[in-house]
Amino acid sequence: MTVTDGAGGPDGATALAAHFDATIAHDQRIEPRDWMPDGYRATLVRQIAQHAHSEIIGMQPEGEWITKAPSLRRKAILFAKVQDEAGHGLYLYSAAETLGIDRSELTERLLAGRQKYSSIFNYPTLSFADVGVIGWFVDGAAICNQVPLCRSSYGPYARSMVRICKEESFHQRQGYELLLTMMRGTEQQRAQVQDAVDRWWWPSLMMFGPPDDDSPNSAQSMAWKIKRHSNDELRQRFVDMTVPQAERLGVTLPDPELRWNEERGHHDFGTPDFSELMRVIKGDGPCNAQRMERRTKAHQDGAWVREAAAAHAAKNRGEEGSAA
Amino acid sequence: MSSDDDHVYLSLAEGHADDARWAFGTGFEDPLHGVDTTLPEGVDAAELTALCLALADDALVAAQRLAQWITLAPELEEEVALANIGLDLLGQARLLYARAGQAEGAGRDEDALAYFRDPAEFRNVILAELPNGDFAHSMVKLLLLSSWRLAQLTRLAEHPDPVLAAVARKGVSELTYHRDHAAQWTVRLGDGTEESARRMDAALAELWPYRSELYAAAAETQDEVEAVLAQVLDTARLAAPAATPVSMGRGREGQHTEHLAELLAELQSVARADPEATW
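Named according to an unreviewed UniProt entry, chain B is Phenylacetate-CoA oxygenase subunit PaaI originating from Streptacidiphilus pinicola.

Chain A carries the name 1,2-phenylacetyl-CoA epoxidase subunit A in an unreviewed UniProt entry, which gives Streptacidiphilus pinicola as its organism.

Over its 22 residues, helix α6 (residues 135-156) of chain B extends 30 Å from the first C-alpha to the last, a length consistent with the 32 Å expected when each residue adds 1.5 Å. Between the side-chain oxygen at the start of α6(B) and the backbone nitrogen of A136(B) there is a gap of 3.1 Å, and the oxygen is on D134(B).

The end-to-end C-alpha separation of helix α11 (residues 258-273) of chain B is 22 Å, in line with the 22 Å expected for 16 residues at 1.5 Å each. Among all positions of α11(B), only L260(B), L263(B), L264(B), L267(B), Q268(B), V270(B) and A271(B) are buried. Where α11(B) is buried, its residues contact α4 (72-97) of chain A together with α2 (45-67), α4 (110-115) and α5 (126-129) of chain B.

All names here are of chain B. All told, the structure shown has 3 cavities of 30 Å³ or more when counted by the stated rule. What the largest cavity holds in volume is close to 220 Å³. If you trace the largest cavity, you find 19 residues lining it, with A62, L89, K141, L142 and L145 closest to the centre. Secondary-structure elements contributing two or more residues to the lining of the largest cavity are α2, α6 and α7 (162-190). With 8 residues, α6 is the largest single contributor of residues to the lining of the largest cavity. Split by residue class, the lining of the largest cavity holds 10 nonpolar, 5 polar and 4 charged.

What counts, and at which threshold
- Going along each chain's sequence as written, the residues are numbered from 1 onward.
- Labels follow written order: the first chain is A, the first ligand is 1, and so on.
- Confidence filtering applies because this is a predicted model: local features only for residues at pLDDT of at least 70, side-chain atom pairs given and counted only at 80 or more, and all residues used for totals across whole chains, interfaces and linings.
- The basis for the side-chain values is all heavy atoms of the structure; hydrogens and waters are excluded.
- Here a helix means four or more residues in a row that DSSP labels H or I, a strand means two or more in a row labelled E, and each is numbered from the N terminus.
- Take the number of residues in a helix, subtract one, and multiply by 1.5 Å to get its expected span.
- We call two N or O atoms a polar contact when they sit within 3.5 Å, provided that within protein one can donate a hydrogen and the other can accept it, with sequence-adjacent residues counted only if both atoms are side-chain atoms.
- Only protein chains enter the accessibility calculation, which uses a 1.4 Å probe; a residue whose area is less than 20% of its type maximum is buried, one above 50% is exposed, and one in between is partly exposed.
- Residues count as neighbours in contact if any of their non-hydrogen atoms are within 4.5 Å of one another.
- Put plainly, a pocket is an open set of points on a 1 Å grid over the protein atoms alone with protein on both sides within 12 Å along at least five of seven lines, a cavity is a set where a 1.4 Å probe fits but cannot get out, and a lining residue has an atom within 4 Å of a point.
- Grid points are joined across faces, edges and corners, and a volume is the space filled by probe spheres set on the points.
- For this scheme, ten residues count as nonpolar: Ala, Val, Leu, Ile, Met, Phe, Trp, Tyr, Cys and Pro. Four count as charged, namely Asp, Glu, Lys and Arg, and the remainder, Gly too, count as polar.

Shown next as structure tokens:
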């Protein structure tokens, strides 16, 4: 049974809230049947839905290259990767369903523009090197963001993240391996890799969200242990991880301010153009319209198929019912 | 950052164990592990080359069409399923190209055969190259192609070439799933709504005649495939179209529709733009 806010009268509600707070304080998991504050539930729905939508929209920029992949091995790897993203979307929509909201409703909200997906997927993929750089940067940033979520306070979300993170790390390695191979290839290939690095670096840093002092939802999410590290901490982590990998690859990260800071034990780096992030989030990125158009088309073109499947299932239930 | 996260993170991001697996898809195990790849006596190299090439071209072209569905499927589950089928076929194509290249003995590998032949050199059947159309078209096409390919691979599992036989044995279990998937959709759509039945009728009317090319290429499969199709259509409450032209296509002889040139132009575009590149 689902227990909602206010169940059991004011005293009961107070006791439930105290239990919830104690569960969070002890780093234990909240499960779907447990009482939770409405705000906690709404925050989780927003975050998990955004994550699920990102997986699904995120199939598009790379999916465009499955049909053009330049070797059959690369084709198989990319095909499997994009398929994994569909699978991740499925896990995450299922996690959201444990909070009482189904996939079709979340899809409607996405298509109506009421829910977002990661702004990174509103940038175009211009060459096959982009496939490698997305694996390296975008999946790398996703790992930085998501590994701490494996300890998120909400059980179903945390468990789906464990599985997703394992696969993301495989995606990151294949992206980096593609780039290593390309850097050993022709001059044109090396130029393509550097060009893709130049285009994806800053948008990747923006994946961690606005700076901490300008991130309205972060404090509450951290108090609830939905989120475990601040945007800026995670961004620093990503930069520190990526710099030595860039050196090994032989590419230049497009930031003149990037340098090791002995005192801090971290790299210093320039500030991303967060006004660009805000523009892209609001819908003015290079590919926002294209991404939503394709998702909408798939949803609308598939409506008759979903209706037919539902009608067929209903007929079968009817036949079984009359036979019984 | 806590040491807790460091531990998890390092094991994920910097681990180099090769035991990682895709969530779905085919895996990348070697189905030829332990199989002797020397050409056995009594197997005609030219015949084996032609047979492997034809089967590989069917699979590659069909996989490319399935890849075109990605991000456009009617449901997320179907994105996963179509990718699964596409990956299976792509895996079969790779093994068959490799074998064709070995049997041919001209030093061509899978990528030379997939990326550097022109449309007239491809030997796939016409049905495989036709554009996707709507979901009904794609499911009818999948039903026809997978029923036919399953019947072929079942027989080829006994082929005297051990490599082709091993590829066929692996393919049989894959194709059994493909055919089942297509059959289930045929039943759902045939016996779903008025609109879905109408779309299935239209797809059958257009694609049914292409069976003649399938049976011309592998006559021994005809009875089995026809029986399967009849059973599926009956369950789906669909009628097979009456009149069938005798011959629609000659893909096995390299005579294709314009759709293949278009499909290959896309498939080969990046590889041909920089032929010296390594991928």
